[in-house]
Amino acid sequence: MEHTNKTGFSTKLGVIMAAAGSAVGLGNIWKFPYVAGENGGGAFLIVYLLCVLLFGLPLLTTELLIGKRSGRSVYGAFRALRGNSRWQWLSWWCIASAFIIMGFYFVVTGWCGNYLYEAVLNTYTGMDAAQLTAHFSDVVSSTPRMILCGLVPVLMTAAVLWFDVNKGIERMSKLLMPLLLIMMVVMAVRALMLPGSGEGLRFLFRFDFGRITPQVVMMAVGQCFFSLSVGTGALITYGAYMPKQQSEARTALQVALLDTLVAVLAGVVIFPAVFSFGYDPAEGPQLVFVVLPSILQQMSFSWLSGVLFFLLLFIAALTSTISLMEIAVASLCEASHDRLNRHQSVLIVTAITTVLVILCVLSPRLFSWSDRLVTTILMPLGALSMSLFVGWFMPRLHPALTFALRWIVPAAILLIFLNGLGVL
Ligand code: PHE
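Parameters and conventions
Residues numbered from 1 in each chain as written. Predicted model: local features only at pLDDT ≥ 70, side-chain atom pairs only at ≥ 80, totals over all residues. Heavy atoms only, no water. Near = heavy atom within 4 Å. Polar contact = N/O pair within 3.5 Å; in protein donor to acceptor, adjacent residues only side chain to side chain. 1 Å grid on protein atoms, 1.4 Å probe; cavity = no way out; pocket = protein on both sides within 12 Å on 5 of 7 lines; lining within 4 Å. Sits in = over half its atoms within 2 Å of the grid points. Helix = DSSP H or I, 4+ residues; strand = E, 2+ residues; numbered from the N terminus. Core = buried A, V, L, I, M, F, W, Y, C linked by side-chain atoms within 4.5 Å. Buried < 20%, exposed > 50% of the residue type's maximum accessible area, 1.4 Å probe, protein only. Contact = heavy atoms within 4.5 Å. Expected span 1.5 Å × (residues − 1). Bend = angle between axes of the 7 residues up to and from the residue. Salt bridge = Lys/Arg side-chain N within 4 Å of Asp/Glu carboxyl O. pLDDT = per-residue confidence, 0-100. Points joined across faces, edges and corners; volume = space filled by probe spheres on them. Phe/Tyr/Trp six-rings, centres within 6.5 Å; stacked < 30°, edge-to-face > 60°. Lys NZ or Arg CZ within 6 Å of the ring centre and 35° of its normal.

Student: Any details on the site of the ligand? Residues and values, ideally.
Tutor: What surrounds the ligand is a group of 17 residues, the closest being Ala23, Gly27, Tyr105, Phe226 and Ser229. Between the ligand and Tyr105, the relevant distance is 2.4 Å, taken from an oxygen atom to a side-chain nitrogen or oxygen of the residue. Phe226 is positioned with one of its backbone polar atoms (N or O) 2.8 Å from a nitrogen atom of the ligand. Using a 2 Å cut-off from the grid points, one finds that the ligand occupies the largest cavity. Elements supplying a minimum of two residues to the shell around the ligand: helix H2 (12-23), helix H3 (26-38), helix H6 (88-121), helix H11 (214-228) and helix H15 (302-335).

Shown next, in the form of structure tokens:
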């Protein structure tokens, strides 16, 4: 496919940064703390880490491999590798998952944009815990405002994709990822200095095996896929842009490490503050949006810290939405046999995404339903299918990887899945 070669990443670091940019996003900073908070803290963390090792790494490698070997978009990758269209349904599965994720992901990206705007205006300075919680409800219940907030990042993502992959994605990821990491470390240090922070650390790191339930395991598996961007083909798409001599296993390891580091760091920022300010760790999706402003107010240079943090969070979300939208854009170009050029594909995908985002703003039920559907069903089953596909049909793999992909990963996902659904 010429269009994929033309837009290939120019450096190995560029690939790692773009893949890490896809992985690191709201999944780490927004979702991880609230899901961990709802599912027992330490119990969740240990299962999560096991999942990253057991499924996350082999599946990251798998997706990059599918992309690199086929050189195709999600639409054409399975067909190209198998030489027939029997696995075409998996392409559609991935593309549908990407759209469903975009629907709610852009809404939360919009929340970040709103908080960035308010950080600039100093809106939440001086608010206490109760006021911040009430403020969040006010913000999300204003429909026109939420639609505007959700659509701004849609347009920004489309703008990045309008220009070529390497120019847009690579440049942004290389610069901003390290900056986000530094900012998170600074905030973690501040959170640890809060009175009573020890209780938060105990919540996050005390491994109480009694609290590991089927529900906790299922949420941890889903969170692992979501956070690593595994199971919708984002990394197939980027794998196709990888230089041929780059190792997918090593790239997968680097991405998984970075992603896990950011998630744990987010926990170290959030939970000490949760306990110190008297929030409930099981607060739900609004958790970080009420807790973060509390911490930011306590920091020196609080205005600057707030603006910088929400700016970086917003950009981290954008590097993930870029990869999500690119799944659909690259697929559409390929599915149309290049009759649609990149610009036309971007326009069509943007139009569909706009509708989905508006629906998710209008219906909070659709919002939470999409989130649940994706993390508990679509991504695990997508990943399971990719695992079987590569394990059984792709030659010249490391024997340990083949074994894991044929037997261990599918069996484990299936068991957890059935268990979580209460079938076992
Ligand atoms: N991994 C991203 C995050 O943690 C979300 C994502 C999922 C991105 C699937 C691409 C594909 O925020």
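Student: An account of the nonpolar core is requested, with residue identities and associated values reported.
Tutor: Counting residues in hydrophobic clusters, the biggest one holds 151 residues, and the most contacted among them are Trp30, Phe55, Phe309 and Phe310. Excluding anything up to four places from it in sequence, Phe55 contacts Val221, Phe225, Val409, Ala412, Ile413 and Ile416.

Student: An account of helix H4 (residues 42-70) is requested, with residue identities and associated values reported.
Tutor: Between the first and last C-alpha of H4 there are 40 Å, a value that for 29 residues agrees with the 42 Å anticipated at 1.5 Å per step. Bending of H4 peaks at approximately 40° at the position of Gly56, with proline Pro58 no more than four residues after it. The positive-phi residue at the C-terminal boundary of H4 is Gly71, with phi of around 65°.

Student: Before we move on, can you summarise the environment of Lys174 with the specific residues and values?
Tutor: For Lys174, the location among the structural elements is in helix H9 (residues 165-192). Classification of Lys174 by relative accessible area gives partly exposed; the value is 32%. For the pair Lys174 and Gly21, spaced 153 residues apart in the sequence, the C-alpha separation amounts to 8.7 Å.

Student: Residues and numbers for the pattern of salt bridges, please.
Tutor: Summed over the entire model, instances satisfying the criterion amount to five salt bridges. Among the ionic pairs, Glu248 bridges to Lys68, the shortest N-O distance being 2.9 Å. One end of the pair, Glu248, is in helix H13 (residues 248-277); the other, Lys68, is in helix H4, with 180 residues separating them in the sequence. A relative accessible area of 12% means that Lys68 is categorised as buried. The closest approach of N and O atoms between Arg72 and Glu334, which form a salt bridge, is 3.0 Å. Pair noted here: Arg72 is in the loop between H4 and helix H5 (74-82) and Glu334 is in helix H15, with a separation of 262 residues, a long-range link. Looking at Glu334, the relative accessible area reads 6%, which means it is buried.

Student: So, the confidence of the model for the protein chain: which residues are in play, and what are the values?
Tutor: Averaged over every residue, the pLDDT of the protein chain is 92; residues scoring 70 or more account for 96%. At the level of individual helices and strands, the protein chain shows its lowest average pLDDT in helix H1 (residues 2-6), which scores 39, and its highest in H6, which scores 98. This stretch, residues 1-6, has a pLDDT under 50; its non-local contacts, to residues over four places away or in other chains, come to 10 contacts.

Student: Break down the side chain of Gln223 for me, with residues and values.
Tutor: The topology assignment puts Gln223 in helix H11. Classification of Gln223 as buried rests on a relative accessible area of 1%. Residues in contact with Gln223, not counting those within four places in the same chain, are Gly27, Lys31, Phe32, Val35, Phe44 and Tyr48.

Student: Please give an account of empty space enclosed by the protein that cites residues and values.
Tutor: Under the definition given, this model contains five cavities of 30 Å³ or more. The calculated volume of the largest cavity comes to roughly 130 Å³. Forming the walls of the largest cavity are 16 residues, and the residues nearest its centre are Ser22, Tyr105, Phe226, Ser229 and Leu324. Contributions of two or more residues to the lining of the largest cavity are made by H2, H3, H6, H11 and H15.

Student: If you had to explain the packing of aromatic side chains to someone new, which residues and values would you point to?
Tutor: This model, assessed by the stated rule, comprises 29 aromatic pairs. Where Phe309 meets Phe310, the ring centres are 5.5 Å apart and the plane angle is 75°; that geometry is what we call edge-to-face. The buried category is assigned to Phe309, whose relative accessible area is 1%. Relative accessible area serves as the criterion here: at 0%, Phe310 is assigned to the buried category. Sitting over the ring of Phe393, Arg82 keeps its end group 3.7 Å from the ring centre. For Arg406, the ring lying beneath its charged end belongs to Trp392, and the centroid distance is 4.1 Å.

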